[in-house]
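Architecture and fold: a report
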Amino acid sequence: MSRRRTLGTKKKIALLVSAATVAGGGAFVMASTSNAAPTPKSASESTVCLGLATALGNNQKFIADQRANPDAQSEARIANREAVVAEIKRKQEASGCAVGESAQDSQTAQPSQPAQPAQPPAASAQPSQPAASAPGGDTGGGAASGQQVCNGSTVTLSGEGGAPAASSNQFPAGTKLKVTNLDNNKSTTVEVTSVSGSCALLNNAAFEQVREPGKFLIRRALIEKVG
């Protein structure tokens, strides 16, 4: 009888050791899993992704509008913008953003509204704008400030090449718009050459004149109709 009790005790000890081993392994697996959680994007990466998403949304809206209201030039415009969309998606992939993620200009402008009260003081300093914009490559040759339009709108790029130009859903071709980035005080005056889904959509060359390094969106923009 005593031998049976001894064996029973050994078995119990073995079972306890096994259980402890399994529990420890489980804790290790849980710890490993928690350590493998994805690292959230930094603020700069989020800004880049938002800018690309806005540009994609604007171009997709333009294509949809052209298909809904076609004219003699719609087919060529759509083909051009589809190439732009493909390029933006390539940049999204290269930047680690969600490929195909888009946002309309009117939607992405909402988060920046709390910062809008800062614009009136900037507007009161208009007389200094021509001097500040001269070294920035203002294509308007230091054009005087004009009528402020599209208050609160953000500005991004269309992805199109060519000489500095803009597209707009409010102003006809030939209209001259002065766009000032209030975050770095750089400005450019360009001519509207086509239609888009936002107040002012700059092509690559124009956007380069006023952008901040690594950013694809101007949240605090002053847009003026000049000439």
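The rules behind the values
Residues numbered from 1 in each chain as written. Predicted model: local features only at pLDDT ≥ 70, side-chain atom pairs only at ≥ 80, totals over all residues. Heavy atoms only, no water. Core = buried A, V, L, I, M, F, W, Y, C linked by side-chain atoms within 4.5 Å. Buried < 20%, exposed > 50% of the residue type's maximum accessible area, 1.4 Å probe, protein only. Helix = DSSP H or I, 4+ residues; strand = E, 2+ residues; numbered from the N terminus. Contact = heavy atoms within 4.5 Å. Phe/Tyr/Trp six-rings, centres within 6.5 Å; stacked < 30°, edge-to-face > 60°. Lys NZ or Arg CZ within 6 Å of the ring centre and 35° of its normal. Pairing = 2+ DSSP bridges. 1 Å grid on protein atoms, 1.4 Å probe; cavity = no way out; pocket = protein on both sides within 12 Å on 5 of 7 lines; lining within 4 Å. Points joined across faces, edges and corners; volume = space filled by probe spheres on them. Nonpolar A, V, L, I, M, F, W, Y, C, P; charged D, E, K, R; others polar. pLDDT = per-residue confidence, 0-100.

Turning our eyes to something else, we now look at the nonpolar core. Across soluble globular proteins, you tend to see nonpolar side chains buried next to one another. Of all hydrophobic cores here, the largest spans 31 residues; its most connected members are Val155, Leu202 and Ile223. Taken together, the elements giving at least two residues each to this core come down to helix H2 (43–68), helix H3 (74–94), strand S2 (155–157), strand S4 (176–181), strand S5 (186–195), helix H7 (204–210) and strand S8 (221–226). For this core, the element with the most residues is H2, which contributes 6 residues. With sequence-adjacent residues up to four places away left out, Leu202 is seen in contact with Val155, Thr156, Leu157, Ser158, Ala165, Ala166, Val179, Val190, Phe207 and Val210.

Centre-to-centre distance and the angle between the planes together describe a pair of aromatic rings. According to the stated counting rule, one finds 0 aromatic pairs in the structure shown. Directly above the ring of Phe216 sits Arg211, whose terminal nitrogen or CZ lies 4.9 Å from the centroid.

Moving on: the pairing of S8. Taken across its 6 residues, S8 has 5 buried, putting it largely inside the fold. Note that strand S1 (residues 147–149) and S8 share 3 bridges and pair antiparallel. Across the sheet, the residue bridging to Gln147 is Lys225, located in S8. Here S4 pairs with S8 via 6 bridges, running antiparallel. Across the sheet, residue Thr180 finds its bridge partner in S8, namely Leu222.

A separate point is empty space enclosed by the protein. Taken as a whole and assessed by the stated rule, the structure comprises 1 cavity of 30 Å³ or more. Space inside the largest cavity adds up to approximately 30 Å³. Lining the largest cavity are Leu52, Ala55, Ile88, Lys91, Leu157, Gly159 and Phe216. When residues of the lining of the largest cavity are traced back to their parent elements, those giving at least two are H2 and H3. Looking at the lining of the largest cavity, its residues break down into 5 nonpolar, 1 polar and 1 charged.

We now examine the confidence of the model for the protein. Low pLDDT means the predicted coordinates in that region are not meant to be read closely. In this model, the protein carries a mean pLDDT of 73, and residues with pLDDT of at least 70 account for 62%. The least confident element of the protein is helix H6 (residues 129–133), whose mean pLDDT is 38; the most confident is S4, at 95. Confidence over residues 105–137 falls short of pLDDT 50; this stretch has 42 contacts with residues more than four positions distant or in other chains.

Now for the sheet that holds S8. Across the sheet, 8 strands lie side by side as S1-S8-S4-S5-S3-S6-S2-S7; this open sheet has mixed pairing. The open sheet has two free edges, formed respectively by S1 and strand S7 (217–218), since each of these has just one partner strand.

In terms of strand pairing, strand S3 (residues 166–168) meets S5 through 3 bridges, oriented parallel. The residue of S5 that forms the bridge with Ala166 is Val192. With 6 bridges connecting them, S4 and S5 associate as antiparallel partners. Within S5, the residue paired with Lys176 across the bridge is Glu191. In this antiparallel pair of consecutive strands, S4 and S5, the connection spans 4 residues, and Asn185 shows a positive phi of 65 degrees.

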